[in-house]
Amino acid sequence: EAAVTQSPRNKVAVTGGKVTLSCNQTNNHNNMYWYRQDTGHGLRLIHYSYGAGSTEKGDIPDGYKASRPSQENFSLILELATPSQTSVYFCASGDAGGPNTEVFFGKGTRLTVV
Amino acid sequence: QQKVQQSPESLTVSEGAMASLNCTFSDRSSDNFRWYRQHSGKGLEVLVSIFSDGEKEEGSFTAHLNRASLHVFLHIREPQPSDSALYLCGSAGNKLTFGIGTRVLVRP
């Protein structure tokens, strides 16, 4: 069964601190994505990756970095966390594209920056 | 850049009455479209994926795609209170882009 696991599930961070959100997938998918979800904005794409070693900027990349060290793992890094980055973050993995593309989501990480 | 808009923002229906949601996308470049459901505080559950013009049914959910008019619809047959959730439309090309969602409330 397709699985995307995010850790931690909840995180409280201090302003100016560094935060790393981790994502692991066992689907052997090439593509992985990081989104944030906020009321009134829906899901917005932060960074994505086509495979190990690749990272691409999404629609709202400012203040975030991403790292894809392997096929299975994709991390989102907040070097200097700010309260505006308080949100729920979702990781997803998917096939490379085409009509049969499937995308699976993790359960989300609730990040609070105080 | 693909943009996705959903309407209405919220919808209240009575149990058993058909619910219809609309999703409009900005260009025809996407490979496919999918509808997700998200219960409060939970993750995303894929309901139906559609690639070709026409209809695709998955259980009580039917998606209808019309690329020419840039619309994809979701119809929920005989919704139950447990179907109360946020419904998200996603457009998949090189990246998956979402609308802000339609919040559906099904009253007993």
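What counts, and where the lines are drawn
- Residues numbered from 1 in each chain as written.
- Chains lettered and ligands numbered in written order.
- Predicted model: local features only at pLDDT ≥ 70, side-chain atom pairs only at ≥ 80, totals over all residues.
- Heavy atoms only, no water.
- Helix = DSSP H or I, 4+ residues; strand = E, 2+ residues; numbered from the N terminus.
- Rg over C-alpha atoms; globule rule 2.2 N^0.38 Å.
- Contact = heavy atoms within 4.5 Å.
- Salt bridge = Lys/Arg side-chain N within 4 Å of Asp/Glu carboxyl O.
- Buried < 20%, exposed > 50% of the residue type's maximum accessible area, 1.4 Å probe, protein only.
- Pairing = 2+ DSSP bridges.
- Axes fitted to C-alpha atoms, helices over the stretch in contact; angles between N-to-C directions.
- Polar contact = N/O pair within 3.5 Å; in protein donor to acceptor, adjacent residues only side chain to side chain.
- Disulfide = S-S within 2.5 Å.

Enquirer: An account of the overall build of chain A is requested, with residue identities and associated values reported.
Expert: Scanning chain A from N- to C-terminus turns up zero helices and eleven strands. The helix and strand sequence of chain A, counted from the amino end, reads β-β-β-β-β-β-β-β-β-β-β. By the compact-globule yardstick of 13 Å for 114 residues, chain A fits well, its C-alpha radius of gyration being 13 Å. Projected onto the principal axes, the alpha-carbon positions of chain A cover approximately 40 × 30 × 25 Å. For chain A, the share of sequence-separated contacts (at least 6 apart) that also reach a separation of at least 24 residues comes to 54%.

Enquirer: For the pattern of salt bridges, give the residues involved together with the corresponding values.
Expert: Residue and element names in this part refer to chain A. This model, assessed by the stated rule, comprises six salt bridges over all chains. Close ionic contact of Lys65 with Glu79 constitutes a salt bridge, the shortest N to O distance being 3.7 Å. Of this pair, Lys65 sits in strand 7 (residues 65-67) while Glu79 sits in the loop between strand 8 (75-78) and strand 9 (87-94), and the two are 14 residues apart along the sequence. On the accessibility criterion, Lys65 (47% relative accessible area) is partly exposed.

Enquirer: Summarise the sheet that holds strand 8 of chain A; cite the residues concerned and give the values.
Expert: Residue and element names in this part refer to chain A. Strand order across the open sheet formed by four strands is 1-3-8-7, with antiparallel pairing between neighbours. The sheet is open, and its two edges are formed by strand 1 (4-7) and strand 7, each paired on a single side. Direction aside, the axes of adjacent strands within the sheet are offset by 20 degrees on average.

Enquirer: Can you explain the interface of chain B and chain A? Please cite residues and give values.
Expert: With 19 residues of chain B at the interface, the matching set in chain A holds 23 residues. Taken together, the connections running from chain B to chain A amount to zero salt bridges. Taken together, chain B and chain A are joined by three residue pairs in polar contact (both at pLDDT 80 or more). Those elements that place two or more of their residues in the side of chain B that touches chain A are strand 4 (32-38), strand 9 (85-92) and strand 10 (96-98) of chain B.

Enquirer: Before we move on, can you summarise the state of the cysteines with the specific residues and values?
Expert: Within this structure, the stated rule accounts for two disulfides over all chains. A sulfur-sulfur separation of 1.9 Å characterises the disulfide bridge that pairs Cys23(A) with Cys91(A). Handedness of the Cys23(A)-Cys91(A) disulfide follows from its S-S torsion of about -80 degrees: it is left-handed. With Cys23(A) in strand 3 (residues 19-25) and Cys91(A) in strand 9, this pair connects stretches of sequence that are 68 residues apart. With a relative accessible area of 2%, Cys23(A) lands in the buried category. Disulfide partner of Cys23(B): Cys89(B), at an S-S distance of 2.0 Å. Disulfide Cys23(B) to Cys89(B): torsion about the S-S bond roughly -75 degrees, handedness left-handed.

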